[in-house]
Amino acid sequence: MARAALLALWLAAPGAALAQTAGGAFVAGLEDVPLMPGLLETAGAGFAFDKPSGRIAEAEATGPFAADEVQIFYASTLPQLGWVPMGGDRYRREGETLRLTIEPLSGGVRVRFSLAPSDGG
């Protein structure tokens, strides 16, 4: 309960999410996607490469959060970095689509980050 209250307070301050990630960690292979503080990347679970139509990358992280806490963090942070919400934990920016898959685990969540060129540009 206290963690949710702290998250709500932290998100209430204008620019708090962006300020928190400034100088913070970013998802490996996705240097323009912040890693939520408290999430730990899963070693060997990701990849990244460029192809003529754009970047393709995947990464995974886990942490002691509820799925809604992760959704709130990314819904607040990603638009500040130019990602436009498309609904369903999908975001678009500069011809790329980022999809977050948030799965509950015992005692936390697994977050999968998938980046691919956007359909139609």
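Use the structure listed above.
Note that the coordinates shown come from a computational prediction; the quantities given were computed from them, not determined experimentally. (Residues numbered from 1 in each chain as written. Predicted model: local features only at pLDDT ≥ 70, side-chain atom pairs only at ≥ 80, totals over all residues. Heavy atoms only, no water.)

1. A word on the nonpolar core
Counting residues in hydrophobic clusters, the biggest one holds 23 residues, and the most contacted among them are Val-33, Leu-39, Tyr-74, Leu-98 and Phe-113. Dropping the residues within four chain positions of it, Tyr-74 is found in contact with Val-33, Pro-34, Leu-35, Met-36, Leu-39, Pro-79, Tyr-91, Leu-100 and Phe-113. (Core = buried A, V, L, I, M, F, W, Y, C linked by side-chain atoms within 4.5 Å. Buried < 20%, exposed > 50% of the residue type's maximum accessible area, 1.4 Å probe, protein only. Contact = heavy atoms within 4.5 Å.)

2. Quick notes on the packing of aromatic side chains
With the rule as written, the count across this model stands at three aromatic pairs. A centroid spacing of 4.9 Å and a plane angle of 90° characterise the contact between Phe-73 and Tyr-74, whose relative ring orientation is edge-to-face. The pair formed by Phe-73 and Tyr-74 is uniform in burial state, with each residue classed as buried. Aromatic side chains Tyr-74 and Phe-113 sit 5.7 Å apart centroid to centroid with 75° between the ring planes, which places their arrangement in the edge-to-face category. Of this pair, Tyr-74 sits in helix α3 (residues 67-80) while Phe-113 sits in strand β9 (residues 108-117), and the two are 39 residues apart along the sequence. (Phe/Tyr/Trp six-rings, centres within 6.5 Å; stacked < 30°, edge-to-face > 60°. Helix = DSSP H or I, 4+ residues; strand = E, 2+ residues; numbered from the N terminus.)

3. Re α3
With 14 residues, α3 extends 21 Å from end C-alpha to end C-alpha; this agrees with the ideal 20 Å at 1.5 Å per step. Turning to α3, its buried residues number three or more, namely Glu-69, Val-70, Phe-73, Tyr-74, Thr-77 and Leu-78. Positive phi appears at Gly-82, one or two residues downstream of α3, with a value of about 95°. (Expected span 1.5 Å × (residues − 1).)

By themselves, these figures tell us nothing about what the structure is for.
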